[in-house]
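Tertiary structure, described
Residues per chain are reported as follows:
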Amino acid sequence: LGRPDAGSSFTAATIGDAIKQQSEYEEQVRSKEAEEKALKEKILAEQKAIQEQVDKTLTVAVVKLGVIPKDAMSGRYSDEQTIDLALKNSGSKEIAAVSGSIVFLDMFEKEVGQIGFQYDDGIKPGETAEWSGSRRINQFDDQHMAIARLSDGKYTTKFVADGIVFSDGTKLIPSK
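Residues numbered from 1 in each chain as written. Predicted model: local features only at pLDDT ≥ 70, side-chain atom pairs only at ≥ 80, totals over all residues. Heavy atoms only, no water.

1. Thoughts on the sheet that holds strand 2 (residues 80-89)
Backbone-to-backbone hydrogen bonds join strands into a sheet, with any given pair of strands oriented parallel or antiparallel. To be explicit about the condition: By definition, two strands form a pair when at least two bridges between them are found by DSSP. Secondary structure is summarised from DSSP: a helix means a run of H or I of at least four residues, a strand means a run of E of at least two, and numbering begins at the N terminus for each. Whenever a helix is involved, its axis is fitted only over the stretch in contact; in every case the axis is a line through C-alpha atoms, and angles between N-to-C directions fall within 0 to 180 degrees. Contact between two residues is taken to exist if any of their heavy atoms lie within 4.5 Å; hydrogens are not considered.
Read across the open sheet, the three strands follow the order 1-2-5; overall the sheet is antiparallel. Here the strands that pair on one side only, and so sit at the sheet edges, are strand 1 (58-68) and strand 5 (128-136). Within this sheet the neighbouring strands show an average axis-to-axis angle of 20°, counted without direction. When strand 1 meets strand 2, the two strands line up antiparallel, connected through 10 bridges. Looking at the pairing, Ile 68 lines up with Glu 80 of strand 2. Along the sheet, helix 1 (residues 15-57) contacts strand 1 and strand 2; its crossing angle with strand 1, the most-contacted strand, is approximately 75°.

Here is the structure:
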């Protein structure tokens, strides 16, 4: 009757006792579900607040997205994805390092993939830094192939921070 702890020690009970036990068990389940819901809402609110702080502090834009074709003669045995980013510190504190991902969305706002990066050369308040990177394109990875096929003007991006570390040692790290 919903009491896994009863096990083999179950003794005879009246129907009224059984109904009472079941009602108590169901109330415990409802109470636990309410606690879980409240915790989830709290965490989501905290994540949203931190993401808003990240968005106010740092703007990340894709400047260039490209593909370098494979060339066995130069030792490149698979196509390579290149990406150039601009990172603008709009905050009041110097950024020592930033880590995160650029999420690519197609024209229908559907996520097609993401590229992670880390920058640790510092960005003073009001200044813009540049970051360039590349990765081998895995032809068997749908996300790699989808990003490689994106054309200028046919996608949008959003920056999702893993964390920002400021020069004064403070950190802005969204929980996952």
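2. Overview of the pattern of salt bridges
The following threshold applies: Salt bridge, as applied in this entry: a Lys or Arg side-chain nitrogen positioned within 4 Å of an Asp or Glu carboxyl oxygen. We call a residue buried when its accessible area falls under 20% of the maximum for its residue type, exposed when it is over 50%, and partly exposed in between, using a 1.4 Å probe and counting protein chains only.
What the rule picks out here adds up to four salt bridges. For Glu 36, the salt bridge identified is with Lys 32, shortest N-O distance 3.8 Å. Separated by four residues within a single helix, Glu 36 and Lys 32 lie in helix 1, roughly one turn from each other. Ionic pairing is found between Lys 42 and Glu 46, a salt bridge with its closest N-O pair at 3.8 Å. Taken together, the residues Lys 42 and Glu 46, both in helix 1 and four residues apart, mark about one turn of the helix. A relative accessible area of 48% means that Lys 42 is categorised as partly exposed. For Glu 46, a relative accessible area of 36% translates into the label partly exposed.

3. Side note on unusual backbone geometry
For Glu 109, which is not a glycine, the phi torsion comes out positive at approximately 65°. Here Glu 109 lies in the loop between strand 3 (95-105) and strand 4 (111-119).

4. Brief notes about the environment of Arg 135
For clarity, the threshold we go by: Distance and chemistry together define a polar contact, namely a pair of N or O atoms within 3.5 Å, with one atom able to donate a hydrogen and the other to accept it when in protein, and with adjacent residues in sequence counting only for side-chain atoms on both sides.
Secondary-structure assignment places Arg 135 in strand 5. Note: C-alpha distance between Arg 135 and Tyr 77 (58 residues apart in sequence) is 12 Å. When residues no more than four places from it in sequence are discounted, the contact partners of Arg 135 are Asp 79, Glu 80, Gln 81, Gln 114, Ile 115, His 144 and Ile 147. Polar contacts involving the side chain of Arg 135 include one to the side chain of His 144, which spans 3.5 Å.

5. Thoughts on the nonpolar core
Let me state the cut-off plainly: Buried Ala, Val, Leu, Ile, Met, Phe, Trp, Tyr and Cys residues that are joined via side-chain atoms within 4.5 Å together make up what is termed a nonpolar core.
Residues Leu 58, Leu 85, Leu 87, Phe 104, Phe 117 and Phe 159 are the most contacted members of the largest nonpolar core, which totals 29 residues. Elements supplying a minimum of two residues to this core: helix 1, strand 1, strand 2, strand 3, strand 4, strand 5, helix 2 (142-148) and strand 6 (156-166). Leaving out residues up to four positions away in the same chain, Phe 159 has contacts with Gln 51, Val 54, Leu 58, Val 60, Val 98, Ser 99, Gly 100, Ser 101, Ile 102 and Phe 117.

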